[in-house]
Amino acid sequence: MDLFRRSEKVPSLFSFDRVLVPLLGDEGVDGPALAIAAMLLASREGAEASLLHVIEVPFDRNLDAEDEAAVARADEILRRADAYLAGHKVRARSSTVQARAAGPAIVDELNELGAQLIVMGLRYKKRFGGQWDAGRTVPYVMRNSTAPVWCLRAETEELAQTP
């Protein structure tokens, strides 16, 4: 998708310099969010994407207890996302946070960084009764974010085959 702008006629509606991109580690969910962030920030001087992966720590473990497998997975997720953005000439900073829940950690990171937009993916999942469910993270972020939230629901074969 290409957006063309005529700067002499209409100012761009998308003038974000710092975008927060929370990552799950699922290419079908993270890929579209990274593509939008790259499109918004490419060739903008001083623009930066802040990549975030949240490791959710269950209540039966100490919050500061390190899980080597989860940290290694987070590093790999952030490395792939950073490489994607570098290929689109977008500066990125990466961080990993351990928290009890991803939603509050994302909002805290947004406020700490001073990001102007959140671009995040959303899995397509069903809950009891077959109804689609947005989970708990995305609704929390949408309710509590001080910045706009651009949420992209992942594609699914299941919907494509539904009459």
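Not measured: the values here are computed from a predicted model.

1. As for the nonpolar core
Judged by nonpolar contacts, the single largest core of 22 residues is most densely connected at V19, V21, L23 and L51. Listed by contribution, the elements that provide at least two residues to this core are β1 (18–22), α1 (27–41), β2 (48–56), α2 (68–87) and β4 (117–122). With residues near it in sequence (within four places) discarded, V21 still touches A33, L34, A37, S50, L51, L52 and V119. Within the second largest apolar cluster, 18 residues are counted, among which are L52, V107, L122 and V138.

2. Points about the sheet that holds strand β5 (residues 149–153)
In spatial order, the strands read β3-β2-β1-β4-β5; together these five strands make up an open sheet with parallel pairing. Both edges of this open sheet fall to β3 (91–99) and β5, since each of them pairs with a single strand only. Along the sheet, successive strands turn relative to each other by an average axial angle of 20 degrees, direction set aside. When β4 meets β5, the two strands line up parallel, connected through five bridges.

3. Side note on the environment of E76
Mapped onto the elements of the fold, E76 is located in helix α2. C-alpha separation for the pair E76 and G25, spaced 51 residues apart in sequence, amounts to 8.6 Å. One polar contact links E76 to R79, side chain to side chain, over a distance of 2.5 Å.

4. Let's talk about the packing of α1 against α2
The description of two helices packed together rests on the angle between their axes and the distance between the axes. Here α1 crosses α2 at 35 degrees, and the two axes come no closer than 10 Å. Our pair here, α1 against α2, has a crossing hand that is right-handed. Contacts from D30, L34, A35 and A38 of α1 reach α2 at I77, A81, Y84 and L85. Split into classes, the residues belonging to the contact of α1 with α2 amount to seven nonpolar, no polar and one charged.

Parameters and conventions
Residues numbered from 1 in each chain as written. Predicted model: local features only at pLDDT ≥ 70, side-chain atom pairs only at ≥ 80, totals over all residues. Heavy atoms only, no water. Core = buried A, V, L, I, M, F, W, Y, C linked by side-chain atoms within 4.5 Å. Buried < 20%, exposed > 50% of the residue type's maximum accessible area, 1.4 Å probe, protein only. Helix = DSSP H or I, 4+ residues; strand = E, 2+ residues; numbered from the N terminus. Contact = heavy atoms within 4.5 Å. Pairing = 2+ DSSP bridges. Axes fitted to C-alpha atoms, helices over the stretch in contact; angles between N-to-C directions. Polar contact = N/O pair within 3.5 Å; in protein donor to acceptor, adjacent residues only side chain to side chain. Left-handed = near helix turned anticlockwise from the far one by under 90°. Nonpolar A, V, L, I, M, F, W, Y, C, P; charged D, E, K, R; others polar.

Just geometry here; none of it tells us what the structure is for.
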